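A closer look at the structure
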Amino acid sequence: MLRYPLVLVPALGCDARLWQPVINRVHDLLECVVVQGSGDSIESMADDVLAQAPDRFYLAGISMGGYVSLDIALKASGRVAGLALLNTSAIAAPTDRRQSSISVIELAESGRFSEAVDRVSGAVAPARPDVTALAAAMARDLGAEVFTAQQLAVLDRRDRTSEIAKIEVPTLIVAGDADAITPLRLSEEMASSIPDTELHVLEGIGHLSPLEDPDTVASRLRDWLVRVDGQAQRTTPTP
């Protein structure tokens with residue numbers, strides 16, 4: 001078993017079911033804990049995750065969970081031993097995405113929550129109706145209040161592109177070349193800015209890679225965790 005647990009932060013509208021296929025494939029390696037940060041800003045979600053997380057941990061976030069994980073890593077608290085970012089970016093919400101979030105918030109607040117969920121879940125993996133259906137089920141189970149708060153957090157998130165070069169922990173970036181929500185170039189830009197980074201691109205995979213290709217995601221994550229944990233043990237001074 002590795003020395004630290006892995007904290008996994010879900011995407012917008014998702015719960016632990018998003019990460020479960022990966023957990024099933026790495027739980028023999030280390031303890032896995034899914035933490036759903038609450039709040040209507042990325043910063044408040046990050047603070048909530050930190051309040052629930054172990055003293056020191058590996059951290060993985062996908063999409064909105066990636067924005068939260070970046071915020072945690074940039075706090076430089078010394079608690080994060082390694083950072084994995086999946087299907088996410090460091091940019092602020094583009095104008096079209098801000099408008100999309102505003103539109104679905106208006107739908108949810110007008111009593112058309114199910115329609116808002118369908119609009120969002122339909123974009124995550126258009127070629128995978130099973131993934132789309134699970135995404136919709138997770139969002140509905142979280143409810144309209146959480147959905148709206150998360151949309152507000154995403155549309156108001158800060159641009160972190162000028163800050164990510166300060167990240168001092170080993171970082172894994174996983175991207176899907178068919179991701180219509182977070183285009184591959186945004187992952188490539190992060191990989192070129194964060195100092196100790198490796199980038200893995202999944203062919204034909206969209207926005208929810210842990211559900212679309214859990215075997216490859218878990219394999220990349222396992223290999224990276226073992227390597228990072230080994231490096232940490234070699235560089236830790238003997239008491």
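Residues numbered from 1 in each chain as written. Predicted model: local features only at pLDDT ≥ 70, side-chain atom pairs only at ≥ 80, totals over all residues. Heavy atoms only, no water.

Residue placement: T88 occurs in the loop between β4 (80-86) and α4 (95-109). Through-space distance from the C-alpha of T88 to that of Q150 is 15 Å; in sequence the pair is 62 residues apart. Ignoring any residue separated from it by four or fewer positions in sequence, one finds T88 in contact with S63, G66, Y67, T182, S187 and M190. Of note is the side chain of T88, whose polar atom sits 2.9 Å from the backbone oxygen of S63. (Helix = DSSP H or I, 4+ residues; strand = E, 2+ residues; numbered from the N terminus. Contact = heavy atoms within 4.5 Å. Polar contact = N/O pair within 3.5 Å; in protein donor to acceptor, adjacent residues only side chain to side chain.)

Turning to the sheet that holds strand β2 (residues 32-34), a few remarks are in order. The parallel open sheet is built from 6 strands, whose spatial order is β2-β1-β3-β4-β5-β6. Among the strands making up the open sheet, the edge pair consists of β2 and β6 (197-202). Taken over all neighbouring pairs, the strand axes of this sheet differ in orientation by 20° on average, direction set aside. The pairing of strand β3 (residues 57-62) with β4 spans 6 bridges and is parallel. From the neighbouring strand, G61 faces β4, where its bridge partner is L85. Packed on one face of the sheet, helix α3 (residues 64-74) meets β1 (6-9), β3 and β4 and runs near 145° to β3. (Pairing = 2+ DSSP bridges. Axes fitted to C-alpha atoms, helices over the stretch in contact; angles between N-to-C directions.)

Following the criterion strictly, the structure yields 16 salt bridges and no others. Among the ionic pairs, D156 bridges to R98, the shortest N-O distance being 3.4 Å. You can see D156 sitting in the loop between α7 (144-155) and β5 (171-176) and its partner R98 sitting in helix α4, a full 58 residues away along the chain. Taking the relative accessible area as the measure of exposure, R98 reaches 31% and is therefore partly exposed. Through salt bridges with shared partners, a single ionic network connects E43, D47, D71, K75, R158, R160 and E163. (Salt bridge = Lys/Arg side-chain N within 4 Å of Asp/Glu carboxyl O. Buried < 20%, exposed > 50% of the residue type's maximum accessible area, 1.4 Å probe, protein only.)

Let us look at unusual backbone geometry. One non-glycine residue, A76, adopts positive backbone phi at about 50°. You can see A76 is positioned in the loop between α3 and β4. The phi dihedral of N87 falls on the positive side, at around 50°, and the residue is not glycine. Looking at N87, the relative accessible area reads 1%, which means it is buried.

Enumeration over the complete set of coordinates arrives at 2 aromatic pairs. Where Y4 meets Y58, the ring centres are 5.7 Å apart and the plane angle is 65°; that geometry is what we call edge-to-face. Highlighted residues: Y4 in the segment before β1 and Y58 in strand β3, separated in sequence by 54 residues. Judged by centre distance (5.5 Å) and plane angle (70°), the rings of F113 and F147 are edge-to-face. Placement of F113 in helix α5 (residues 113-121) and of F147 in helix α7 is noted, with a sequence separation of 34 residues between them. The exposure class assigned to F113 is buried, which follows from its relative accessible area of 15%. Accessibility expressed as a relative area gives 2% for F147, which makes it buried. (Phe/Tyr/Trp six-rings, centres within 6.5 Å; stacked < 30°, edge-to-face > 60°.)

With that settled, the discussion passes to the state of the cysteines. A complete count under the given rule lists 0 disulfides for this structure. C14 takes part in no disulfide bond, and the closest cysteine sulfur to it belongs to C32, at a distance of 17 Å. Judged by its relative accessible area of 2%, C14 falls in the buried class. (Disulfide = S-S within 2.5 Å.)

Next up on the list: the nonpolar core. By size, the foremost hydrophobic cluster in this structure holds 40 residues, and its most contacted members are I72 and I167. Counting residues per element, this core draws most heavily on α3, at 7 residues. The residues touching I167, leaving out its near neighbours within four places in the chain, are L70, A73, L74, L83, I194 and P195. Among the nonpolar cores identified, the runner-up in size contains 36 residues, and A11, I23, L30 and A81 belong to it. (Core = buried A, V, L, I, M, F, W, Y, C linked by side-chain atoms within 4.5 Å.)

This paragraph deals with the side chain of D71. Structurally, the position occupied by D71 is in helix α3. For D71, a relative accessible area of 3% corresponds to the buried category. One polar contact links D71 to R160, side chain to side chain, over a distance of 2.9 Å. The residues touching D71, leaving out its near neighbours within four places in the chain, are I42, E43, A46 and R160.

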